[in-house]
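As a plain string of letters, each chain reads:
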Amino acid sequence: MQSSPPPHPARRLALYALIVCLLSVAAAVVSFVQGSWLLGVVWVLLAGLSSNMTWYYVRRGRMRQDGSVTG
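My aim in this report is to walk through the structure given alongside it, one point at a time. Bear in mind that the values here come from a model prediction, so they are computed numbers and not experimental data. (Residues numbered from 1 in each chain as written. Predicted model: local features only at pLDDT ≥ 70, side-chain atom pairs only at ≥ 80, totals over all residues. Heavy atoms only, no water.)

1. Quick notes on the packing of aromatic side chains
Next, step 1: Summed over all chains, the structure comprises two aromatic pairs.
Next, step 2: Considering the side-chain rings of phenylalanine 32 and tryptophan 37, the 5.0 Å spacing of their centres and the 50 degrees angle between planes classify their relative orientation as tilted.
Next, step 3: Among the residues examined, phenylalanine 32 registers a relative accessible area of 27% and is labelled partly exposed.
Next, step 4: Here tyrosine 56 and tyrosine 57 contribute two aromatic rings whose centre-to-centre distance is 5.2 Å and whose plane-to-plane angle is 70 degrees, an arrangement assigned as edge-to-face.
Next, step 5: With relative accessibility at 17%, the residue tyrosine 57 sits in the buried group. (Phe/Tyr/Trp six-rings, centres within 6.5 Å; stacked < 30°, edge-to-face > 60°. Buried < 20%, exposed > 50% of the residue type's maximum accessible area, 1.4 Å probe, protein only.)

This is how it looks when you write it as structure tokens:
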């Protein structure tokens, strides 16, 4: 029985960052609905940061897969 190779660390980090992004968007919606504007803004900023991290790790994984980056 053949097992598939483990996912690249950049790919796994991209998945974790995406999960954080989705959870922070949900938390922002809940905060805004409950009337906590300041906390909602903090959650939106965290969603933006984690979204950027997701794209960074996706791009990094693709570049390493293509062989254009070493290390």
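2. Section: the packing of helix α1 (residues 9-33) against helix α2 (residues 37-66)
Next, step 1: The contact between α1 and α2 brings their axes to 8 Å, and the two run at 160 degrees. Looking at the two axes, α1 sits roughly antiparallel to α2. Judged by the twist between their axes, the crossing of α1 over α2 is left-handed.
Next, step 2: Considered class by class, the residues forming the contact of α1 with α2 number 21 nonpolar, seven polar and no charged. (Axes fitted to C-alpha atoms, helices over the stretch in contact; angles between N-to-C directions. Helix = DSSP H or I, 4+ residues; strand = E, 2+ residues; numbered from the N terminus. Parallel < 35°, antiparallel > 145°, perpendicular 65-115°, else oblique. Left-handed = near helix turned anticlockwise from the far one by under 90°. Nonpolar A, V, L, I, M, F, W, Y, C, P; charged D, E, K, R; others polar.)

The analysis is restricted to geometry; functional conclusions fall outside its scope.
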